[in-house]
Amino acid sequence: FDDRDGWIWFDGQFVPWRDAKLHVLTHGLHYASGVFEGERAYAGNIFKLREHTERLFESARILGFRIPYTVEEIDAACIEVMQRNGLTEGYIRPIAYRGSEMLAVAAQNTSTHVAIAAWPWPNLFGEDRMKGITLGMAPWRRPAPDTAPTASKATGLYMIGTMSKHAAEAEGFNDALMLDWKGDVAEATGANAFFVFDGEVHTPTPIGFLDGITRRTVMNLARQNQMKVVERTIAADEIGRATEVFLAGTAAEVTPVRRIAGHHYTPGQITETLVAEYSRLVRMSPEEVLRRAA
Ligand code: PMP
């Protein structure tokens, strides 16, 4: 991924894609003192840009380091990265991490580095995702909120995601469904999960995993479409009783699920409505969204 044309915003400057390098003794690499974002642009607009930038700052605050820019500066840099790379649609990846001034667990005197890249990325699950993807059960659980900083989009939390996804892929599944430390349903490795029970849209209470921006958007869309939305603890043994299942996340967008381990589902009316409503919403201009809310 490092050998391509393009420009990456790196500590306030645009550098050629291949030159956006860091030192091997970077604290963020050794001790996972890093936080990141994943954003998508549609028709020239970065969807919910301000919410993503604010979450980046909040993620860093939780890990105890400061991003040496303003929210407005990072917003502007994300937009510029898209323009510099000639993109109107694509995925934007800001990352902030502690630098290489100190290399030990203690790292109070490190500087914070920030980089932002963008590239075309149609969908996490590819073109034929609309017939539904498959999930295996993850061998790893999401940690308790007093075991890891689970409200932060911290790089270190993705170690269990990568291992779980690889395990699921090795068994022929597209992704993994992770349980939390109690054994209740949490989320997929890069997206939140929704289940339809008795015609209602249920989703796990986000304790121990990210309360995704797409998740909240989809919950609002469901309510606006007269669906009942229930946020609650979902036990692992309820999965088989769901009639529809789907994932929601920036990279995944709204993606139907047709199988979780031995349980099979047929994407239905509720999933189809939310897929369509989400793809309509992300393409609205910010002015149009405001007009509709008024
Ligand atoms: N959970 C995880 C583990 C994720 O990586 C993501 C993607 N950021 C999400 C949920 C969904 O979050 P969002 O809708 O804000 O992209």
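Owing to the predicted nature of the structure, the values given are computational and were not obtained by experimental measurement.

Another aspect to go through is the overall build of the protein chain. When you go through the protein chain residue by residue, the secondary structure sums to 7 helices and 16 strands. Relative to the compact-globule value of 19 Å for 294 residues, the protein chain shows a C-alpha radius of gyration of 19 Å, a close match. Its C-alpha atoms put the protein chain at 55 × 45 × 35 Å along the principal axes. Buried residues in the protein chain amount to 39% of all 294 residues.

On to the packing of helix α5 (residues 213-224) against helix α6 (residues 269-282), then. At a closest axis distance of 10 Å, the pairing of α5 and α6 adopts a crossing angle of 115°. Taken together, the axes of α5 and α6 lie roughly perpendicular to each other. In terms of crossing hand, the pair formed by α5 and α6 is right-handed. Of the residues in α6, those in contact with Thr217, Val218, Leu221 and Ala222 of α5 are Leu274, Glu277, Tyr278 and Leu281.

Turning our attention to the site of the ligand. Neighbouring the ligand are 14 residues, the closest being Gly212, Ile213, Thr214, Gly249 and Thr250. Top element by residues in the shell around the ligand is α5. It accounts for 3 residues. Taken together, the residues of the shell around the ligand break down into 4 nonpolar, 8 polar and 2 charged.

Two measures define how a pair of helices packs: the angle their axes make with one another and the distance between the axes. Across the interface, helix α2 (residues 49-63) lies against helix α3 (residues 71-84) with an axial gap of 10 Å and an inter-helix angle of 125°. As far as their axial angle goes, α3 and α2 are oblique. Relative to α3, the crossing made by α2 is right-handed. Along the contact surface, α2 presents Leu49, Arg50, Thr53, Glu54, Leu56 and Phe57, while α3 presents Val71, Ile74, Asp75 and Cys78. Of the residues that constitute the contact of α2 with α3, the class distribution is 6 nonpolar, 1 polar and 3 charged.

Once that is clear, we can look at the domain arrangement of the protein chain. Looking at the assigned domains, one finds that the protein chain contains domain 1 (7-119) and domain 2 (127-282). Between domain 1 and domain 2, the contact holds 19 residues from the first and 11 residues from the second. Broken down by secondary-structure element, the contributors of at least two residues to the side of domain 1 that touches domain 2 are β3 (34-36), β4 (39-42) and α2. With 6 residues, the top contributor of residues to the side of domain 1 that touches domain 2 is α2. Here the residues of the side of domain 1 that touches domain 2 are counted per class, giving 8 nonpolar, 5 polar and 6 charged.

Glancing now at α2. A rise of 1.5 Å per residue sets the reference length of α2, with its 15 residues, at 21 Å; its end C-alpha atoms lie 21 Å apart and thus fit the reference within 8%. When α2 is considered as a whole, its buried residues turn out to be Leu49, His52, Thr53, Arg55, Leu56, Ser59, Ala60 and Leu63. Projected down its long axis, α2 shows its buried positions confined to an angular sector of 160°, all on one face. Buried residues belonging to α2 abut β3, β4, β5 (45-46), α3, β6 (90-98) and α5. Backbone geometry just downstream of α2 places Gly64 in the positive-phi region, at approximately 90°.

With that settled, the discussion passes to the nonpolar core. Ranked by internal contacts, the top residues of the largest apolar core, which has 39 residues, are Leu177 and Val245. Listing elements by their share of this core, those giving two or more residues are β8 (133-137), β9 (175-179), β10 (185-188), β11 (192-197), α5, β14 (244-249), β15 (253-260) and α6. Once residues within four sequence positions are removed from consideration, Val245 is found in contact with Ala193, Phe194, Phe195, Val257, Ile260 and Tyr265.

Looking now at the confidence of the model for the protein chain. Model confidence for the protein chain is summarised by a mean pLDDT of 96, while 100% of its residues fall at 70 or above. Among the prediction metrics, the complex's ipTM stands at 0.99, with pTM recorded as 0.96.

Attention now moves to α6. Its 14 residues give α6 an end-to-end C-alpha distance of 20 Å, which sits within 8% of 20 Å, the value for a rise of 1.5 Å per residue. When we look at burial in α6, the residues that qualify are Thr271, Leu274 and Val275. Considered in projection along α6, the buried side chains sweep an arc of 105° and stay on one side of the axis. In this structure, α6 carries Gln269 and Arg280 as exposed residues pointing more than 90 degrees from its buried face. Check the buried side of α6 and you find it contacts α5, β14 and β15.

Next up on the list: the pairing of strand β12 (residues 200-204). Here β11 pairs with β12 via 3 bridges, running antiparallel. From the neighbouring strand, Phe197 faces β12, where its bridge partner is Glu200. The antiparallel pairing of β11 with β12 creates a hairpin that spans 2 residues between the two strands, and Asp198 there sits at a positive phi of about 50°. Relative to strand β13 (residues 229-232), β12 runs parallel, the two being bridged by 4 bridges. By the bridge assignment, Val201 is partnered in β13 with Val229. Since β12 and β13 lie parallel, the crossover through α5 that links them has a hand, and here it is right-handed.

Rules behind the numbers
Residues numbered from 1 in each chain as written. Predicted model: local features only at pLDDT ≥ 70, side-chain atom pairs only at ≥ 80, totals over all residues. Helix = DSSP H or I, 4+ residues; strand = E, 2+ residues; numbered from the N terminus. Rg over C-alpha atoms; globule rule 2.2 N^0.38 Å. Buried ≥ 20, exposed ≤ 12 C-beta atoms within 10 Å, placed from the backbone. Axes fitted to C-alpha atoms, helices over the stretch in contact; angles between N-to-C directions. Parallel < 35°, antiparallel > 145°, perpendicular 65-115°, else oblique. Left-handed = near helix turned anticlockwise from the far one by under 90°. Contact = placed C-beta atoms within 7 Å. Near = placed C-beta within 6 Å. Nonpolar A, V, L, I, M, F, W, Y, C, P; charged D, E, K, R; others polar. Domains from an automatic or database assignment. Expected span 1.5 Å × (residues − 1). Arc of directions from axis to C-beta. Core = buried A, V, L, I, M, F, W, Y, C linked by C-beta atoms within 7 Å. pLDDT = per-residue confidence, 0-100. Pairing = 2+ DSSP bridges. Right-handed = clockwise from strand over helix to strand, strands pointing away.

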